[in-house]
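These are the residues of each chain, in order.
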Amino acid sequence: MDTKALRQKILDLAIHGKLVPQDPNDEPASVLLERIKAEKERLIKEGKIKRSKKSAKSSDTPHYENVLPDGWCLSNLEDIVCELKYGTSEKSLSVGKIAVLRMGNITNVGTIDYSNLVYSSNNEDIKLYSLEKDDLLFNRTNSSEWVGKTAIYKKEQPAIYAGYLIRIRPILIFSDYLNTVMNSSYYRNWCYNVKTDAVNQSNINAQKLSQLMIPIPPLKEQERIVVEVAKWISLIDTIKNSKEDLQTTIKQAKSKILNLAIHGKLVPQDPNDEPAIELLKRINPDFTPCDNGHYTQLPEGWAICKMKQITSITNGKSQKNVETLNGIYPIYGSGGVIGRANQYLCIAGSTIIGRKGTINNPIFVEEHFWNVDTAFGLKANDAILDKYLYYFCLSFDFSKLDKSTAMPSLTKTSIGNVLIPIPPYKEQERIVAKIDMVLDTMNEILRAV
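Residues numbered from 1 in each chain as written. Predicted model: local features only at pLDDT ≥ 70, side-chain atom pairs only at ≥ 80, totals over all residues. Heavy atoms only, no water.

A. The arrangement of the packing of aromatic side chains in detail. Counted according to the given criterion, the structure contains eight aromatic pairs. Ring centres of Tyr129 and Tyr161 lie 5.8 Å apart, and the angle between their planes is 90°; on these two criteria the pair is classed as edge-to-face. With Tyr129 in helix 3 (residues 123-129) and Tyr161 in strand 8 (residues 159-161), the pair connects residues that are 32 residues apart, well separated along the chain. Judged by its relative accessible area of 0%, Tyr161 falls in the buried class. (Phe/Tyr/Trp six-rings, centres within 6.5 Å; stacked < 30°, edge-to-face > 60°. Helix = DSSP H or I, 4+ residues; strand = E, 2+ residues; numbered from the N terminus. Buried < 20%, exposed > 50% of the residue type's maximum accessible area, 1.4 Å probe, protein only.)

B. Inspection of the sheet that holds strand 6 (residues 141-142) at higher detail. With respect to topology, three strands assemble into an open sheet ordered 6-11-10, the strand pairing being antiparallel. What marks the edges here is a single partner per strand, and that holds for strand 6 and strand 10 (196-198). As judged from the two bridges shared by strand 6 and strand 11 (residues 201-203), these two strands associate in the antiparallel manner. Following the sheet pairing, Asn142 is matched in strand 11 by Ser202. (Pairing = 2+ DSSP bridges.)

C. Spatial organisation of the pattern of salt bridges. In the structure shown here, the tally under the stated rule is 18 salt bridges. We note a salt bridge from Asp134 to Lys133, for which the minimum N-O separation is 3.7 Å. It is possible to trace a salt-bridge network through shared partners that takes in Glu39, Arg42, Glu46 and Lys48. (Salt bridge = Lys/Arg side-chain N within 4 Å of Asp/Glu carboxyl O.)

D. Representation of the pairing of strand 15 (residues 329-333) in the model. Of all five residues in strand 15, five are buried, a share of seventy percent or more. Both strand 15 and strand 16 (residues 336-341) contribute to a ladder of five bridges, which runs antiparallel. Residue pairing in the sheet places Ile331 in a bridge with Gly339 of strand 16. From the end of strand 15 to the start of strand 16, which pair antiparallel, there are two residues. Bridging between strand 15 and strand 19 (residues 370-371) involves two bridges; their strand directions are parallel.

E. Fine view of the confidence of the model for the chain. When pLDDT is averaged across the chain, the result is 89; 93% of the residues are at 70 or more. Every residue in residues 56-62 is under pLDDT 50, and counting partners more than four places away or in other chains gives twelve contacts. (pLDDT = per-residue confidence, 0-100. Contact = heavy atoms within 4.5 Å.)

In structure tokens:
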């Protein structure tokens, strides 16, 4: 189950009047807007807020194209909120009188993360920028994907807000409803259309924000929407957490299966199988098995050898001069495909091991490929199955070979000296078939959730 898509669907239904039923007895939103207008005028006359400077609507601001339910109205954001106010530009401190919320504290699902806080002791800033319960915070500068993300402040602790945020304080509108609108796909599309892009960041200023068209339901329907959305989001979060717990459990189970496999405990042995040592010596008459090392209780018929004795290890090379738009061979780095090549270095059935950075993410490749200099290509010889080599690599902790203090890295020598337990060839076939079946089942379970 795609919980992210489900969350978005609930929000979209809510702001289009399709999540809860309408009640013809509710006071229409048009009456509510008149009361908001009167309240805003009162606040202006009392000097509590400033009158906004009205300007023509920007031609690049898209209209709300959906048919509104009976009793609903559309309104510019600036007409239903107090002034849109930028946060402090004062440099924050590691300690101080009050927390300063920044764009990193605004999550991507409309909530506030109170970890990694900074602080201020500036009394003037505390007076000007202190947040009140149910204020919304709008992130005006961020990546193209996340500019405009919002969250609602529930007064979990006293706080002010930084300059990359804009405070939105609704008038006679449920803040939770407004936050629902401002996390919907309608709103995300609006952000995409009105944002201004610069190098590595996008911006939506207060003037553009003021022109955002908000669908306004009757106040009582807003309340029903807020309650219903909260129920659904709680359920979705439960499903999401359960899925994450299941993913962790399955990851642990996969690790256990691989561990059992390389210690001869996953499938039964067959005394009629040709011992591994005989096959190894037939391939290489000079072959000498290694001491058991960490594999001290292997079954009869198994042997221990070094990786370099049963594999060819191919150093990666720069992709320069081989990359083309229409190359027929994938170019692999330690993290996956990064391009296409018109030549290959490794043949199909090889396992990729990262040389730098991502070293514990073996990848099995079923076609010829080019590997760049951040990845080694391992190809099994006739003594072992390609898939058995891959599953061993999945089970092995290559990070323990790394002696560096900076970026994790491996050498061809260190990989070549890794000890690998070799079962009889027939048993390798049974092991691979069993692992394939179990992993396929686990992956099906994950896909079904």
